[in-house]
Amino acid sequence: MRILLDENVPRQLVDPLSWLLPLHVIDQVNQRFKGIKDEQLYGKAKRKNYELIISVDSNQLYDEKICKAIQRSGLHAVFVETGNSSLKSLAAAAGALIHSIRDIVVRLEKVDVQHVTIIPMLRGDPRYDFHDPRHSAPSPIWPRKQHGEHKPSRPPRK
């Protein structure tokens, strides 16, 4: 599948997406069609044999002219929702795209008609378990001597 990233998708995502989709060609608009308007992009991408466009501008779905251009092109479109342009919001959108894209592409490869997919942005605060191994072991087999008040087996050198 030939995939085109809209200009609003950070170019830094090309490498991780290429890694996740190694059998697919991934280009970015800035490499191929710099400065093109969204209304024109879909038709031009179709003529250049792209099958999927990924964008983080879901406002395109609320513009009648762009919606008609998407529909006329017959291209699949994936829109990743973003809250705003803050780094935290963009990171959440990038994470949602990376988490979902393989499943989406697998499904799109099995259909014969155009599909539009909307990926919701990851919500809430980042999730992780934070451990200080001196006080809480990150796993049951973490070396015990690093817990709590461990005293060295030999006196420190002077």
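All of these numbers come straight from a predicted model, not from anything done at the bench.

Here is what the cut-offs are and how they apply
Residues numbered from 1 in each chain as written. Predicted model: local features only at pLDDT ≥ 70, side-chain atom pairs only at ≥ 80, totals over all residues. Heavy atoms only, no water. Helix = DSSP H or I, 4+ residues; strand = E, 2+ residues; numbered from the N terminus. Contact = heavy atoms within 4.5 Å. 1 Å grid on protein atoms, 1.4 Å probe; cavity = no way out; pocket = protein on both sides within 12 Å on 5 of 7 lines; lining within 4 Å. Points joined across faces, edges and corners; volume = space filled by probe spheres on them. Nonpolar A, V, L, I, M, F, W, Y, C, P; charged D, E, K, R; others polar. Buried < 20%, exposed > 50% of the residue type's maximum accessible area, 1.4 Å probe, protein only. Right-handed = clockwise from strand over helix to strand, strands pointing away. Axes fitted to C-alpha atoms, helices over the stretch in contact; angles between N-to-C directions. Parallel < 35°, antiparallel > 145°, perpendicular 65-115°, else oblique. Pairing = 2+ DSSP bridges. Core = buried A, V, L, I, M, F, W, Y, C linked by side-chain atoms within 4.5 Å.

Draft legend 1. Just the environment of alanine 96, in detail. Mapping alanine 96 onto the fold places it in helix 5 (residues 87–108). Sequence separation of alanine 96 and valine 111 is 15 residues, and the distance between their C-alpha atoms is 22 Å. In this view, alanine 96 contacts Ile119, Pro120, Met121 and Leu122; residues no more than four positions away in its chain are not counted.

Draft legend 2. Expanded view of empty space enclosed by the protein. Following the criterion strictly, the structure yields one cavity of 30 Å³ or more and no others. The volume enclosed by the largest cavity comes to roughly 60 Å³. In terms of lining, the largest cavity is formed by Val9, Pro10, Leu13, Val56, Thr82, Leu90, Ala93, Ala94 and Leu97. When its residues are assigned to classes, the lining of the largest cavity shows eight nonpolar, one polar and no charged.

Draft legend 3. Just the pairing of strand 5 (residues 116–119), in detail. Side-chain alternation along strand 5 places Thr117 and Ile119 on a buried face and Val116 and Ile118 on a face that remains uncovered. This β-α-β element, strand 4 (residues 76–80) to helix 5 to strand 5, shows left-handed connectivity.

Draft legend 4. The arrangement of the packing of helix 3 (residues 38–47) against helix 4 (residues 64–73) in detail. Relative orientation of the contacting elements helix 3 and helix 4 amounts to 5 degrees, with a least axis distance of 8 Å. Between helix 3 and helix 4, the interaxial angle falls into the category roughly parallel. Of helix 4, the residues touching helix 3 (which contributes Asp38, Glu39, Tyr42, Gly43 and Lys46) are Lys65, Ile66, Ala69, Ile70 and Ser73. Taken together, the residues of the contact of helix 3 with helix 4 sort by class into four nonpolar, two polar and four charged.

Draft legend 5. Just the sheet that holds strand 3 (residues 52–55), in detail. The strand order 2-1-3-4-5 describes an open sheet built from five strands, whose pairing is parallel. Of all strands in the sheet, those with a lone pairing partner are strand 2 (25–28) and strand 5, marking the two edges. In this sheet, adjacent strand axes meet at a mean angle of 20 degrees when their direction is disregarded. By the bridge criterion, three bridges tie strand 1 (residues 2–5) to strand 3 in an arrangement that is parallel. Counterpart to leucine 5 in the pairing with strand 3 is isoleucine 54. Together, strand 1, strand 3, strand 4 and strand 5 form the strand contacts of helix 5, whose direction differs from that of strand 5 by roughly 150 degrees.

Draft legend 6. Representation of the nonpolar core. Formed by 24 residues in total, the largest nonpolar core has its most connected members in Ile3, Leu5, Leu52, Ile54, Leu97 and Ile101. Broken down by secondary-structure element, the contributors of at least two residues to this core are strand 1, helix 1 (14–20), strand 3, strand 4 and helix 5. The biggest single contributor to this core is helix 5, with eight residues. What isoleucine 54 contacts, discounting residues up to four positions off in sequence, is Ile3, Leu4, Leu5, Asp6, Val9, Val78, Val80, Leu97 and Ile101. Formed by 14 residues, the second largest nonpolar core is a distinct cluster that contains Leu4, Phe33, Tyr50 and Ile70.

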